[in-house]
Amino acid sequence: MRFLPTEEQSDFARALRSLLASAQVPAVARAWADGEYGPGDALRSRLAGTGLFALAAPEAYEGAGLLPVELSLGFVELGRAGVPGPVVESAAVSVLLSELGDEALAKRFLPVLAAGGAWATLTLPEGSGGGPYALDADAAAYCFTVSGAGGLRRAAAGAPLRSTDPVRRLSRPVPTGGEPLAAGPAVARAAQAAGLWARLLTAAQCLGVGEALLERTVGYVKQRTQFGVPIGSFQAVKHRLADTLVALEFARPLLWAAALSLDPGDVAAAKLRCGAAAYGAAMTALQLHGAVGYTEELDLSLWLRKARPLRDAWGTPSACRAEVLRSFTPGRRGG
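To start, this report covers the structure provided alongside it. (Residues numbered from 1 in each chain as written. Predicted model: local features only at pLDDT ≥ 70, side-chain atom pairs only at ≥ 80, totals over all residues. Heavy atoms only, no water.)

Structurally, Ser171 is set in strand β7 (residues 170-171). Judged by its relative accessible area of 3%, Ser171 is buried. For Ser171, the residues in contact, after removing those within four places along its chain, are Pro132, Tyr133, Ala134, Ala137, Ala157, Gly158, Ala159 and Pro160. (Helix = DSSP H or I, 4+ residues; strand = E, 2+ residues; numbered from the N terminus. Buried < 20%, exposed > 50% of the residue type's maximum accessible area, 1.4 Å probe, protein only. Contact = heavy atoms within 4.5 Å.)

Moving on, we come to the packing of helix α4 (residues 68-81) against helix α7 (residues 185-223). Relative orientation of the contacting elements α4 and α7 amounts to 40°, with a least axis distance of 6 Å. Between α4 and α7, the crossing angle belongs to the class labelled oblique. Taken as a pair, α4 and α7 cross one another with a handedness that is right-handed. Contact with α4, carried on its side by Pro68, Leu71, Ser72, Phe75, Val76, Gly79 and Arg80, involves Trp197, Leu200, Leu201, Ala204, Gln205, Leu207, Gly208, Val209, Glu211 and Ala212 of α7 and no other residues of that element. Counted by class, the contact of α4 with α7 contains eleven nonpolar, four polar and two charged residues. (Axes fitted to C-alpha atoms, helices over the stretch in contact; angles between N-to-C directions. Parallel < 35°, antiparallel > 145°, perpendicular 65-115°, else oblique. Left-handed = near helix turned anticlockwise from the far one by under 90°. Nonpolar A, V, L, I, M, F, W, Y, C, P; charged D, E, K, R; others polar.)

Our focus in this paragraph is the pattern of salt bridges. Between side chains of opposite charge, a pair can form as their charged atoms come close. The final tally for this structure, using the stated rule, is 16 salt bridges. Note that Glu249 is salt-bridged to Arg252, the shortest N-O span being 2.7 Å. A residue pair is termed a helical-turn pair when its members lie 3 or 4 positions apart in one helix, as Glu249 and Arg252 do in helix α8 (residues 235-261) at three residues. Close ionic contact of Asp312 with Arg308 constitutes a salt bridge, the shortest N to O distance being 3.9 Å. On the criterion of helical spacing, the pair formed by Asp312 and Arg308 is a turn pair, its members being four residues apart in helix α10 (residues 300-312). On the basis of relative accessibility, which here comes to 27%, the residue Asp312 falls in the partly exposed class. Under the relative-accessibility criterion, Arg308 is labelled partly exposed at 45%. (Salt bridge = Lys/Arg side-chain N within 4 Å of Asp/Glu carboxyl O.)

On to the side chain of Glu77. By secondary structure assignment, the location of Glu77 is in helix α4. By relative accessible area, Glu77 is classed as buried at 4%. Within the local environment of Glu77, its side chain forms a polar contact with the side chain of Arg80, the two groups lying 3.1 Å apart. Once residues within four sequence positions are removed from consideration, Glu77 is found in contact with Ala13, Leu16, Arg17 and Leu20. (Polar contact = N/O pair within 3.5 Å; in protein donor to acceptor, adjacent residues only side chain to side chain.)

So, about α8. Compared with an ideal rise of 1.5 Å per residue, which puts 27 residues at 39 Å, α8 spans 40 Å between its outermost C-alpha atoms and is within 8% of the ideal. For α8, every residue scored as buried is listed here: Val237, Leu241, Thr244, Leu248, Ala251, Leu255, Trp256, Ala258 and Ala259. Elements that come into contact with the buried residues of α8 comprise α4, α7 and α9 (264-289). Once α8 finishes, Leu262 follows within two positions and takes phi at roughly 55°, a positive value. (Expected span 1.5 Å × (residues − 1).)

A few words now on the packing of aromatic side chains. Each pair of aromatic rings is reported with the distance of its centres and the angle of its planes. Counting across every chain of the model gives six aromatic pairs. Aromatic pair Phe109 and Tyr142: ring centres 5.1 Å apart, planes at 80°, arrangement edge-to-face. Of this pair, Phe109 sits in helix α6 (residues 103-114) while Tyr142 is found in strand β5 (residues 142-146), placing the two residues 33 residues apart along the sequence. Residues Tyr142 and Phe144 carry aromatic rings whose centres are separated by 6.1 Å and whose planes lie at 45° to one another, so their mutual orientation is tilted. Exposure class is identical for Tyr142 and Phe144. Each is buried. (Phe/Tyr/Trp six-rings, centres within 6.5 Å; stacked < 30°, edge-to-face > 60°.)

This next bit is on the environment of Leu254. Residue placement: Leu254 occurs in helix α8. Once residues lying within four places of it in the same chain are set aside, the contact partners of Leu254 are Asp266, Ala269, Ala270 and Arg273.

So, about the sheet that holds strand β6 (residues 151-154). Spatially, β3-β5-β6-β8 is the arrangement adopted by the four strands of the open sheet, whose pairing is mixed. Of all the strands in the sheet, the pair left with one neighbour each is β3 (120-123) and β8 (179-183). Strand after strand, the sheet turns through a mean of 20° between neighbouring axes, direction not considered. With four bridges connecting them, β6 and β8 associate as antiparallel partners. Across the sheet, Gly151 pairs through a bridge with Ala183, a residue of β8. Of the strands in this sheet, β3, β5, β6 and β8 are in contact with helix α5 (residues 87-100), which crosses β3 at around 75°. (Pairing = 2+ DSSP bridges.)

Quick look at the structure:
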C-alpha cells in the first residue's frame, strides 16, 4: 500500500503553499488581531479560488464533495502559513449543513460557504467536541450554535474576550434570541459529524504550525553564533531539533489515517499527537531563540501563540485520550 498523497493532491498542496507564500500572511494576521478584517477577507477570496472551501460541501450545492484528505492537506498549509480567521469553523458549518438533510437550509447557506464568500463560526455542545466560545464571531457573516437539547440557531455574538493568541478572537454567543433553524435528532447527528471534522482540521492546522516553527528555528540556529560558531552545530541543539522533527513525522501518518477513516478514535489520536507535536515545536523554538523569541515584533510569535490554543481547540488532550480509550472498548471497531 502506497500511503502517500497522490500527485493531484500534492499539486493542490503546493499551489496553496505558493499562494500563501506571496500573500504576506503575517501582516494579514496582525491586522486581524487589531480588528481589521479586510486583508483577511481578501485572503479568503484568494483561497476560495483554489477550491479549498468547496471541499467541505456536496456537489449539489456548488461544492466539490466532502473530501477530508484533500481538505486536511489544505489545512496543513493554512497552519504552516498562520492564516487567521474561522477557517476550521467555516468548514465545520458546511459539514453540519451537509449532514443535516435540510435542503432549504443547505440551499440557503452552502453555496456561499463553498464559494468562500463569507466566514461562518460555530459552537457545539461539549459532547460533540465543541465548547462555549465562538471563534471570530465579530468577523463572521454567520454564527451558528447548537444547544445541548439539539436545537440549531443563528445567534448574535457577545463582546470579544481576551485570548492567549490575539489572532484568535473568542466570544460567547448570546444565549437567547437569534433565528431558530432546526431541531431534533438530525441536528445532534450533524453536530457530531461537524465536531469530528473540526477536530480533524484543527489537527491538520497543528501539524502545519509545528512545521513552520521547526523551519524557522532551524534557520535561526544556523545564523545565531556563540563562541564563534553557529549554535546549530552544538550537539544538544541538534538533539532538540531532531526530537521535534521526529514528533512531527510520527504525527503525520496519524493525520492521514484519520482523514481516510474519519473514525472518532483515529481523529482523536491524530489531534492528540499533532497538538502535542506543535506544542513541543513551540517550546523548542522559544528555548533556542532565547529572549528574542518573546518579542511580538518577531513573526515567530504568530506561530508560538497558536500552538497551545490549537492543541486545546476542538478536543483537549484529555478529551482526545478518553476518545482513543473508548475506541478500544468492546463494541467499537468490531470489538
